[in-house]
Amino acid sequence: MENLQTTTSNTKKIKLDFKDSKYATGRRKRSIAKVWVKKGSGNIYVNGIKMNDYFKRPVHQIIVTRPMEISEVRTSYDVKCSVKGGGLSGQAGAIILGISKALISHDELLKKNLKKDKLTTRDSRVVERKKYGHRKARRSFQFSKR
């Protein structure tokens, strides 16, 4: 129990100053990300925590930094994200869209590369709703002849 308390105290939320920054919103599945981008040294904060501490899986870390890698501005912008809803994959997808939009509003020349890799369009795929008389969205109950 003691070990759990020490790990939560290491990842303290940091109050960030993001005046003179560009804002954009990203959405994916059930997740909504508010993203602020400003000139800086390449730090990414998600909900006040460093991105590497928030997203533990390397796959999510690569996904989040993808727009900055493609536009080759990894070390020249600081990013602050406030994300809620959904799971970690949806949140990472929402942050991608938010970062891409904010980078484009900061520098219009980055749009060509980001659009080519389809990072400026919202992924409209969401979970299909459950239907009446079915077990899931399309799965029916087992049919019994006798």
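Our structure's up above, just so we're on the same page.
One structure accompanies this document, and this report is about it. Model, not experiment: these values are computed from the prediction.

**Remarks on the overall build of the chain**
Point 1. Helix and strand counts for the chain come out as five helices and five strands.
Point 2. Reading the chain from its N terminus to its C terminus gives the helix and strand order α-β-β-β-β-α-α-β-α-α.
Point 3. In the chain, which comprises 146 residues, the proportion classed as buried is 34%.
Point 4. Taking the contacts inside the chain whose residues are at least 6 apart along the sequence as the reference set, 68% of them involve residues at least 24 apart.
Point 5. About 10,300 Å² of surface is accessible on the chain, with carbon and sulfur atoms providing 51% of the total.

**Focus: the sheet that holds strand 5 (residues 77-84)**
Point 1. Sheet architecture is open: five strands sit in the order 1-2-5-3-4, paired in mixed fashion. Unpaired on one side and paired on the other, strand 1 (22-28) and strand 4 (49-50) mark the two borders of the sheet.
Point 2. The pairing of strand 3 (residues 44-46) with strand 5 spans three bridges and is parallel. Note on strand 5: the bridge partner recorded for Ile44 is Val79.

**Quick look at helix 3 (residues 58-70)**
Point 1. Taking 1.5 Å as the rise per residue, helix 3 with 13 residues should run 18 Å; its terminal C-alpha atoms sit 18 Å apart, in good agreement.
Point 2. Taking the largest bend as the criterion, helix 3 deviates by roughly 40°, centred on Val64, and proline Pro67 comes between one and four positions later.
Point 3. All of the buried residues along helix 3 are His60, Gln61, Val64, Thr65, Pro67 and Met68.
Point 4. Against the buried residues of helix 3 lie strand 3, helix 2 (51-54), strand 5, helix 4 (88-106) and helix 5 (111-116).
Point 5. After helix 3 finishes, the residue Glu72 shows a positive phi value of roughly 55°.

Basis of the calculations
- Numbers given to residues run from 1 along each chain, matching the order in which its sequence is written.
- Owing to the predicted nature of the model, reporting of local features is limited to residues with pLDDT of at least 70; listing and counting of side-chain atom pairs is limited to 80 or more, with chain, interface and lining totals taken over all residues.
- Only hydrogens and water are removed before side-chain values are computed, so all heavy atoms of the structure are retained for them.
- Numbering goes from the N terminus for both helices and strands, where a helix is a DSSP run of H or I of at least four residues and a strand is a run of E of at least two.
- Accessibility here uses a 1.4 Å probe with only protein chains present; expressed as a share of the type maximum, an area under 20% marks a residue as buried, one over 50% as exposed, and anything in between as partly exposed.
- Any two residues whose heavy atoms approach within 4.5 Å at even a single point are treated as in contact.
- In these tables, accessible area is a Shrake-Rupley quantity obtained with a 1.4 Å probe, and a residue counts as shielded only by the protein chains included in the view.
- When DSSP finds two or more bridges between two strands, those strands count as paired.
- In this analysis, the expected span of each helix is defined as 1.5 Å times one less than the number of residues it contains.
- To get the bend at a residue, fit one axis to the 7 residues ending there and another to the 7 starting there, then take the angle between the axes.

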